[in-house]
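The lines below spell out each chain.
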Amino acid sequence: MLDPTLIITSASLIGLIVIAASLLRAWQGWLDLKRQELDRACARGAGEDGSGIGTARIELADLKERIRKLEAIASGVEL
């Protein structure tokens, strides 16, 4: 006959496997959802000229500021 400890251990192991599988499936679903949101956001950003140009201008201004600081450091000027 089967030992009760063996039955409890095997039932716990099976339960753990079921929980791990369901959590893995939920994680994959969440990743798919986030991937779809990113794709939608990229498609929307490419279609709208206003937000894409505004972001590019901000990044360009940031790069210009960094270059100005690096040139000041190279010439020995304190900011």
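Residue numbering note: each chain is counted from 1, following its sequence as written. This being a predicted model, a pLDDT of at least 70 is required before a residue's local features are given, and a value of 80 or more before pairs of side-chain atoms are given or counted; all residues contribute to the totals for chains, interfaces and linings. Note that water and hydrogens are dropped before the side-chain values are worked out from all heavy atoms of the structure.

1. Let's talk about the overall build of the protein
Line of reasoning, step 1. Only DSSP runs of H or I reaching four residues or more are called helices, and only runs of E reaching two or more are called strands; each is numbered from the N terminus. Counting secondary structure elements, the protein contains 2 helices and 0 strands.
Line of reasoning, step 2. A total accessible area of about 7,200 Å² is found for the protein, and carbon and sulfur atoms account for 67% of it. Calculation of accessible area relied on Shrake-Rupley with a 1.4 Å probe; when residues are assessed, cover is drawn exclusively from the protein chains displayed.

2. Some thoughts on the packing of aromatic side chains
Line of reasoning, step 1. Stacked, tilted and edge-to-face pairs are distinguished by plane angle, under 30 degrees for stacked and over 60 for edge-to-face with tilted covering the rest, among Phe, Tyr and Trp rings (Trp via its six-membered ring) whose centres lie within 6.5 Å. Under the criterion given, the structure shown has 1 aromatic pair.
Line of reasoning, step 2. With centroids separated by 5.4 Å and ring planes inclined at 25°, the aromatic side chains of Trp27 and Trp30 adopt a geometry described as stacked. Of this pair, Trp27 and Trp30 both sit in helix H1 (residues 4-47), 3 residues apart, which is roughly one turn of that helix.
Line of reasoning, step 3. Among the residues examined, Trp27 registers a relative accessible area of 46% and is labelled partly exposed. Whether a residue is buried, partly exposed or exposed follows from its accessible area with a 1.4 Å probe, protein chains only, as a fraction of its type maximum: under 20%, in between, or over 50%, in that order.

3. Section: the pattern of salt bridges
Two side chains carrying opposite charge are able to pair once their charged atoms lie near each other.
Line of reasoning, step 1. A side-chain nitrogen of Lys or Arg and a carboxyl oxygen of Asp or Glu constitute a salt bridge if their distance falls within 4 Å. Tallied over the entire structure, the rule returns 4 salt bridges.
Line of reasoning, step 2. Put simply, Arg66 and Asp62 hold a salt bridge, and the shortest N to O gap is 3.4 Å. Of the two residues, Arg66 and Asp62 are both situated in helix H2 (residues 49-75); the distance of 4 residues between them amounts to about one turn of the helix.
Line of reasoning, step 3. Residue classification places Asp62 among the partly exposed positions, given a relative accessible area of 37%.

4. Describing a nonpolar patch on the surface
Line of reasoning, step 1. Each patch groups residues whose relative accessible area exceeds 30% and which form no salt bridge, using 9 Å between like charges and 5 Å between nonpolar side chains of Val, Leu, Ile, Met, Phe, Trp and Tyr. On the surface, a nonpolar cluster with roughly 440 Å² of combined accessible area is contributed by Leu24, Trp27, Trp30 and Leu33.
Line of reasoning, step 2. Tracing the backbone through its elements, the reader meets Leu24 in helix H1.

Shape is all these values report; function is a separate question.
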